[in-house]
Amino acid sequence: MSIVRAADAPRFELDGSTFTVFAGPSNGSRQVCAWRLTVAAGHESMPHSIDRDEVFMVLSGQLRVTPGGDVLTAGDAVVVPAGEPIAAHNPGSEPAEVYVTVPAGFTAYRADGSVFGTPPWAA
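About the criteria used
- Residues numbered from 1 in each chain as written.
- Predicted model: local features only at pLDDT ≥ 70, side-chain atom pairs only at ≥ 80, totals over all residues.
- Heavy atoms only, no water.
- Core = buried A, V, L, I, M, F, W, Y, C linked by side-chain atoms within 4.5 Å.
- Buried < 20%, exposed > 50% of the residue type's maximum accessible area, 1.4 Å probe, protein only.
- Contact = heavy atoms within 4.5 Å.
- Pairing = 2+ DSSP bridges.
- Helix = DSSP H or I, 4+ residues; strand = E, 2+ residues; numbered from the N terminus.
- Axes fitted to C-alpha atoms, helices over the stretch in contact; angles between N-to-C directions.
- UniProt positions renumbered as here; feature names shortened; annotations may be inferred.
- Salt bridge = Lys/Arg side-chain N within 4 Å of Asp/Glu carboxyl O.
- Phe/Tyr/Trp six-rings, centres within 6.5 Å; stacked < 30°, edge-to-face > 60°.

*Asks:* Explain the nonpolar core to me, please; I cannot follow it from the model alone.
*Replies:* Soluble globular proteins tend to bury their nonpolar side chains together. Formed by 24 residues in total, the largest nonpolar core has its most connected members in W35, L37, F56, L63, V65, V98 and F106. When sequence neighbours within four positions are dropped, the list of residues in contact with L63 reads V39, V58, D70, V71, L72, A88, H89, N90, P91, A96 and V98.

*Asks:* Looking at this structure, how should I read the sheet that holds strand β9 (residues 96–103)?
*Replies:* The strands that make up a sheet pair up through hydrogen bonds in the backbone, lying either parallel or antiparallel. Within the open sheet, the six strands sit side by side as β1-β2-β3-β9-β5-β8. Their pairing is antiparallel. Among the strands making up the open sheet, the edge pair consists of β1 (11–14) and β8 (77–80). Each strand of the sheet is rotated relative to its neighbour by a mean of 25°, with strand direction disregarded. Direction of pairing for strand β3 (residues 32–39) relative to β9: antiparallel, over a ladder of eight bridges. Paired with L37 across the strands is V98, a residue of β9.

*Asks:* In this structure, what is going on with the sheet that holds strand β10 (residues 108–110)? I would like to understand it.
*Replies:* Strand order in the open sheet formed by three strands is β4-β10-β11, with antiparallel pairing between adjacent strands. On the outer flanks of this sheet lie β4 (48–50) and β11 (115–117), each paired with one strand and no other. Here the strands of the sheet are splayed against their neighbours by 30° on average, with no regard to which way each runs.

*Asks:* Teacher, can you tell me more about the side chain of N90 here?
*Replies:* Its place among the elements puts N90 in the loop between β8 and β9. Not counting the four nearest positions on each side in its chain, N90 is found in contact with V39, A40, A41, G42, H43, Q62, L63, P95 and A96.

*Asks:* I'm lost on the UniProt feature "domain: Cupin type-2" (unreviewed entry) in the protein chain in this one. Help?
*Replies:* When the UniProt feature table is mapped onto this chain numbering, "domain: Cupin type-2" (unreviewed entry) sits at residues 36–101. In the segment residues 36–101, helix accounts for 0% and strand for 45%; the C-alpha atoms at its two ends are 9 Å apart.

*Asks:* Explanation requested: the pairing of strand β5 (residues 54–60) in the structure shown.
*Replies:* Regular strands place their side chains on alternate faces of the sheet. Bridge analysis of β5 against β8 gives four bridges, and the strand direction is antiparallel. Along β8, the bridge assignment pairs E54 with V80. In this structure, β5 lies alongside β9, joined through five bridges in antiparallel fashion. Within the sheet, the bridge partner assigned to V55 lies in β9 and is T101.

*Asks:* Would you mind going over the pattern of salt bridges with me for this structure?
*Replies:* If the charged atoms of two oppositely charged side chains come close together, the side chains can form a pair. What the rule picks out here adds up to two salt bridges. With a closest N to O distance of 3.2 Å, E97 and R36 form a salt bridge. Residue E97 is located in strand β9, and its partner R36 is located in strand β3; the two are separated by 61 residues in the primary sequence. D51 serves as the salt-bridge partner of R52, at 3.9 Å between the closest nitrogen and oxygen. Residue R52 is classed as partly exposed on the basis of its relative accessible area, which comes to 30%.

*Asks:* Explain the packing of aromatic side chains here, please?
*Replies:* The description of an aromatic ring pair uses the distance of the two centres, along with the angle that the planes make with each other. Throughout the structure, instances matching the rule amount to four aromatic pairs. An angle of 10° between the planes, with centres 3.7 Å apart, marks the rings of F19 and W121 as stacked. Highlighted residues: F19 in strand β2 (residues 17–23) and W121 in the segment after β11, separated in sequence by 102 residues. With centroids separated by 6.5 Å and ring planes inclined at 40°, the aromatic side chains of W35 and F106 adopt a geometry described as tilted. Of this pair, W35 sits in strand β3 while F106 sits in the loop between β9 and β10; the two residues are 71 residues apart in sequence, bridging distant segments of the chain. The pair W35 / F106 is uniform in exposure class, with both members buried. Among the aromatic residues, those joined into a cluster by ring pairs are F12, F19, W35, F106 and W121.

Written out as structure tokens, the structure reads:
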């Protein structure tokens, strides 16, 4: 069993987003990755896709996960099927807090189809 205390959870910054890691291969989970994603107000992530289903559950704020998708608010969740485009956008005036889960070992791809690989928060 692996316990990750919130104060000790690894954090990664990428272009207006913070990834706080609670589960993944680097801290004891061989099959599942889970992190809290904080998206700054007005920010939109790099368009990408991954080769596994990904689940986003909004804890606070607002988030559009897919291009042209619905805006989600606290309590809402969406499953993005493997291969579908993702471009997390916070249209609100406050940071969005989102819990994300995905199977370990996934590969991410840029919008042009080139391999991004497995990001450090999921390694």
